[in-house]
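Notes for the structure review
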Amino acid sequence: MAEVKLEKLRKEFGGQVAVEGLDLTIADQEFLTLVGPSGCGKSTTLRMICGLEKASSGEVFFDDQPVTHLPANKRDVSMVFQSYALYPHKTVGQNIGFSLKMLRVPRSEIEQRVRETAAALGIEELLERKPKQLSGGQRQRVALGRAIIREAGAFLLDEPLSNLDAQLRVDMRGELKRLHGELMRTFIYVTHDQVEAMTMSDRIAVMSKGVLQQCGTPDEIYGRPVNTFVAAFMGSPAMNFLDGELAATDGVLRFASPAWSQQLDGESRRQAEAADPQAVVLGVRPEDVLIGDRADRTGRQAVVEVCEPMGADVLVTLGLGASRIRSRVPAPFHLRPGETVAVSISSERIHLFDAETGQSFHSPAIPVTPPAFVEPRDDEAQTRD
C-alpha cells in the first residue's frame, strides 16, 4: 500500500454529523496522528478507514484503489484498540499468532513469526502467560504484536496508550516510534493527548466537531496555528489570548487592550496590515512571555498569582488587571504570589487572530497532501526515531 486517501468522507449517526467532508492523504510509511478533543470524529475516521464503520458518503482509497465497499477483513490494515481486546483464555503466543492461524499459515511459520515479533517487543519471556498475568504495559505490547505480525500495509492505532500510567506512556511512545522506523509501514494514530501527537508524528491532523482544522508537521501546527482552536489545543499549557483592537498612531501600529499594549513590528505588522482588522485576538505562547531579568525595559508590571514548579521549568500565572496570562520560565523562580514582576512579549513571537472568526492572519490553506516521501538509506533508517 503506497498511501491512504480520504475524499469528502462523511459519517452521520441518527442525524448527528460525526465527520464532515474530510479530505486527507496519508503517505506510504508516514506516521500521521489524528488529534482532537473527545467527540471530534477522530476515532470514527479511523474506523471508516479500517472498515468497521460504513461511511455515509465519500471515499477511502488505498494506493488509489477504492476500498469503501470492502469489509474490514478485506482491507490491508491492522488495528490496535484502546481496550487491547486480548483473548483471556489464550496465551500471549496464541494471541499474537491468532490472525495467522485464521489465515491458515503453517504452524511452524506461525511459531517462528511469533518468536520474532515477541523479540522485537521484548516480551519473549511472556509467551506462555495469560493476559490476566500481565501488566498494562505488557498487555499493550501483546496487542501491538498481534497487529504487526500480519505485516499489513497500514497500522491503525486508536488511543492505545490511554490506559497506561504516565511513565509507561512515555516509554511506549518511544517504542512506537522505534517500531515505525523498523517496520517502515504507514501508521495512523488517534489520540486526544497533544503531547503524544507532537512527539511521535511526521504530521498531525487536528480535528474539531468532525471538521479538519489543520494538517501539518508538529513544528507547523505549534508555530503557525491556523486558528484559535488549534492554538489553544496544541500546547501545554495552552496559548495565552488577549482581546483587543489595532490602532495606528503616527505610523506606529499597536495592539491595545485594557490588559496589554504592544507595538507590532516585522511579520506581526505585515499580517495585521494585510488583514486590515479592527477587533483582534493576540496570542502568545507561555514560553514567549518574558518576566523578571528576561523582560525588556519597555515591559509593564504584573502581579504573580500562582507558581507551579515543573522540575526544570516553573509555570507562573500573572495578573494584568482583570486578565491573566501564564509564563513558562526556567527554574528556580523565587518570587511569591502577591509580588510584582516586569513582563514583556517579543513582537516577533505573537500570533494575531480575527476576533470574529478565530482565523489567523497568516493562515495558509490546509495542507492535506503530504510531501513526497524519500526512501531513507539503511544508516538513516536505524536512527529514524
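Description of the structure in this document.

Analysis parameters
- Residues numbered from 1 in each chain as written.
- Predicted model: local features only at pLDDT ≥ 70, side-chain atom pairs only at ≥ 80, totals over all residues.
- Heavy atoms only, no water.
- Pairing = 2+ DSSP bridges.
- Helix = DSSP H or I, 4+ residues; strand = E, 2+ residues; numbered from the N terminus.
- Axes fitted to C-alpha atoms, helices over the stretch in contact; angles between N-to-C directions.
- Contact = heavy atoms within 4.5 Å.
- 1 Å grid on protein atoms, 1.4 Å probe; cavity = no way out; pocket = protein on both sides within 12 Å on 5 of 7 lines; lining within 4 Å.
- Points joined across faces, edges and corners; volume = space filled by probe spheres on them.

**Some points on the sheet that holds strand β6 (residues 77-80)**
- Within the open sheet, the six strands sit side by side as β6-β7-β8-β3-β9-β10. Their pairing is mixed. Strands with a single pairing partner mark the edges of an open sheet, and in this sheet they are β6 and β10 (211-216). Sheet twist, expressed as the average angle between the axes of neighbouring strands with direction ignored, equals 15 degrees.
- Strand direction decides the pairing type here: strand β7 (residues 154-158) and strand β8 (residues 186-191), joined by five bridges, are parallel.

**Quick word on the environment of Asn 163**
- Residue position: Asn 163 is located in the loop between β7 and α5 (166-183).
- Separated by 79 residues in sequence, Asn 163 and Tyr 84 place their C-alpha atoms 9.5 Å apart.
- Ignoring anything within four residues of it in the chain, the contact list for Asn 163 reads Gln 82, Ser 83 and Tyr 84.

**Quick word on the environment of Leu 320**
- With respect to the secondary-structure elements, Leu 320 resides in strand β17 (residues 313-320).
- Each C-alpha atom of the pair Leu 320 and Leu 52 lies 51 Å from the other, and the pair is 268 residues apart in sequence.
- When residues no more than four places from it in sequence are discounted, the contact partners of Leu 320 are Ala 259, Trp 260, Arg 300, Gln 301, Ala 302, Ile 325 and Val 343.

**What about empty space enclosed by the protein?**
- As enumerated under the stated definition, the model contains one cavity of 30 Å³ or more in all.
- The computed volume of the largest cavity comes to approximately 50 Å³.
- Lining the largest cavity are Val 80, Leu 144, Ala 147, Ile 148, Phe 155, Leu 157, Leu 179 and Phe 187.
- Of all elements in the fold, only α4 (136-148) and β7 reach the threshold of two or more residues within the lining of the largest cavity.
- For the lining of the largest cavity, the leading source of residues is α4, giving three residues.

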